[in-house]
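# A closer look at the structure
These are the residues of each chain, in order.
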Amino acid sequence: EVSKLYIFKWSVISLGVTYLVALLGDLFFSLIESMGVYVNDLATEIPTDPFGLIMYFLAVVICAPIFEEILFRGPILAQNLKHGAVFASVISGVLFGLIHQNHQQMFFAAVLGFIFCFIDIKAGSIIPSIVAHMVVNGYSFINLSLTLIFFHL
């Protein structure tokens, strides 16, 4: 059992880290692309219709955090804990970053994966990292939705 304050604190920390690492990643890839090297981006198309946005919300804010946390902070973390918590967290985080398959998310997802491992190990439960993951994805979804609303009026 962990407190709601613990979950809230790590959700806020996760949001801050996400945007800091995303900013650094964007700067890095902008620099690379300014030198004439294009980095392939496999980001998915965001729906603009109301039904598509609802389905996107369910997939990204609800389902993805549950399934990704079960996989990456479940067996992947558990199988590697025999090599130490830091090693297991790095492996889980790197794999979590790579599974996102685009440079905009890869680095901050890896860092978040590491943080989510820390949360799980400290809490002894996967629930706090699921909630933190939902908060991060939900915040991104809200930003995206507001952008779509204001730029598609």
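Description of the structure in this document.

Scoring rules and cut-offs
All residue numbers refer to positions counted from 1 along the written sequence of the respective chain. Only residues with pLDDT of at least 70 get local features here, since the model is predicted, and only at 80 or more are side-chain atom pairs given and counted; chain-wide, interface and lining totals rely on the full set of residues. Only hydrogens and water are set aside; all other atoms, that is, all heavy atoms of the structure, feed into the side-chain values. Patches in this entry comprise residues that are over 30% relatively accessible and not in a salt bridge; like charges within 9 Å are linked, as are nonpolar side chains (Val, Leu, Ile, Met, Phe, Trp, Tyr) within 5 Å. What sets the accessible areas is the Shrake-Rupley method with a 1.4 Å probe; for residues, cover comes only from the shown protein chains. Definition used for salt bridges: Asp or Glu carboxyl oxygen within 4 Å of a side-chain nitrogen of Lys or Arg. Starting at the N terminus, helices and strands are each numbered in turn, a helix being any DSSP run of H or I of at least four residues and a strand any DSSP run of E of at least two. Buried residues are those whose accessible area, probed at 1.4 Å on protein chains only, stays under 20% of the maximum for their type, while exposed residues exceed 50% and partly exposed ones sit between those limits. Definition used in this section: a nonpolar core is a set of buried Ala, Val, Leu, Ile, Met, Phe, Trp, Tyr and Cys residues joined via side-chain atoms within 4.5 Å. Two residues form a contact once any of their heavy atoms are found within 4.5 Å. One less than the residue count of a helix, multiplied by 1.5 Å, gives the span that helix is expected to have. It is the directions from the helix axis to the C-beta atoms whose arc is reported. Only the stretch in contact is used when a helix axis is fitted, and all axes are lines through C-alpha atoms; the angle between N-to-C directions ranges over 0 to 180 degrees. Should an angle fall under 35 degrees it is taken as roughly parallel, and over 145 as roughly antiparallel, whereas 65 to 115 is taken as roughly perpendicular and any remaining angle as oblique. When residues are sorted by character, Ala, Val, Leu, Ile, Met, Phe, Trp, Tyr, Cys and Pro go into the nonpolar class, Asp, Glu, Lys and Arg into the charged class, and all the rest, Gly among them, into the polar class. By convention, a stacked pair of Phe, Tyr or Trp rings (six-membered ring in the case of Trp) has centres within 6.5 Å and planes under 30 degrees apart, an edge-to-face pair has planes over 60 apart, and any other such pair is tilted. By the criterion adopted, a ring carries a charge over it if an Arg CZ or a Lys NZ lies within 6 Å of its centre and within 35 degrees of its normal.

### Topic: a nonpolar patch on the surface
Together, Phe-51, Ile-54, Met-55, Phe-57, Leu-58 and Ile-62 make up a nonpolar patch on the protein surface, roughly 540 Å² of accessible area in all. On the secondary structure map, Phe-51 appears in helix 2 (residues 50-80). Look at Phe-51 and you get exposed, because its relative accessible area is 58%.

### So, the nonpolar core
Grouped together as the largest cluster of nonpolar side chains are 14 residues, with contacts concentrated most on Tyr-6, Trp-10, Phe-108, Leu-112, Phe-116 and Ile-119. In this view, Ile-119 contacts Tyr-6, Trp-10, Ser-14, Pro-128, Ser-129 and Ala-132; residues no more than four positions away in its chain are not counted. Ranked by size, the runner-up nonpolar core spans 5 residues in total, among them Tyr-56, Val-61, Phe-141 and Leu-148.

### Examining helix 3 (residues 85-99)
Between its first and last C-alpha, helix 3 extends 21 Å over 15 residues, near the 21 Å set by a 1.5 Å rise per residue. All of the buried residues in helix 3 are Ala-88, Ser-89, Ser-92, Gly-93, Phe-96 and Gly-97. End-on view of helix 3: buried residues confined to an arc of 160 degrees, all on one side of the axis. Looking at the buried positions of helix 3, the neighbouring elements they touch are helix 2, helix 4 (103-123) and helix 5 (127-151). Gln-101 sits one or two positions beyond helix 3 and adopts a positive phi of about 60 degrees.

### A word on the packing of helix 4 against helix 5
Put simply, helix 4 and helix 5 touch, their axes get as near as 8 Å, and they point 150 degrees apart. It follows that helix 4 is roughly antiparallel to helix 5 by the angle criterion. For the pair helix 4 and helix 5, the contacting residues are Leu-112, Phe-116, Ile-119, Asp-120 and Ala-123 in the first and Pro-128, Ser-129, Ala-132, His-133 and Val-136 in the second. Split by residue class, the contact of helix 4 with helix 5 holds 7 nonpolar, 2 polar and 1 charged.

### Describing the packing of aromatic side chains
Taken as a whole and assessed by the stated rule, the structure comprises 6 aromatic pairs. Where Tyr-19 meets Tyr-139, the ring centres are 5.6 Å apart and the plane angle is 80 degrees; that geometry is what we call edge-to-face. One end of the pair, Tyr-19, is in helix 1 (residues 4-34); the other, Tyr-139, is in helix 5, and 120 residues separate them in sequence. The class for Tyr-19 is partly exposed, based on a relative accessible area of 35%. By the ring-pair criterion, three or more aromatic residues cluster together here, those being Tyr-56, Phe-57 and Phe-141. Positioned over the ring face of Phe-96 is Arg-73, at 4.5 Å from the centre of the ring.

### Focus: the pattern of salt bridges
Enumeration over the complete set of coordinates arrives at 1 salt bridge. When the shortest N-O distance is used, the salt bridge between Arg-73 and Glu-69 registers 2.8 Å. Residue Arg-73 and its partner Glu-69 are both found in helix 2; the two are separated by 4 residues, about one turn of the helix. Residue Arg-73 shares its accessibility class with Glu-69, and that shared class is buried.

### Focus on the environment of Ala-64
Along the chain, Ala-64 turns up in helix 2. C-alpha separation for the pair Ala-64 and Lys-4, spaced 60 residues apart in sequence, amounts to 22 Å. When sequence neighbours within four positions are dropped, the list of residues in contact with Ala-64 reads Ala-59, Glu-69 and His-133.

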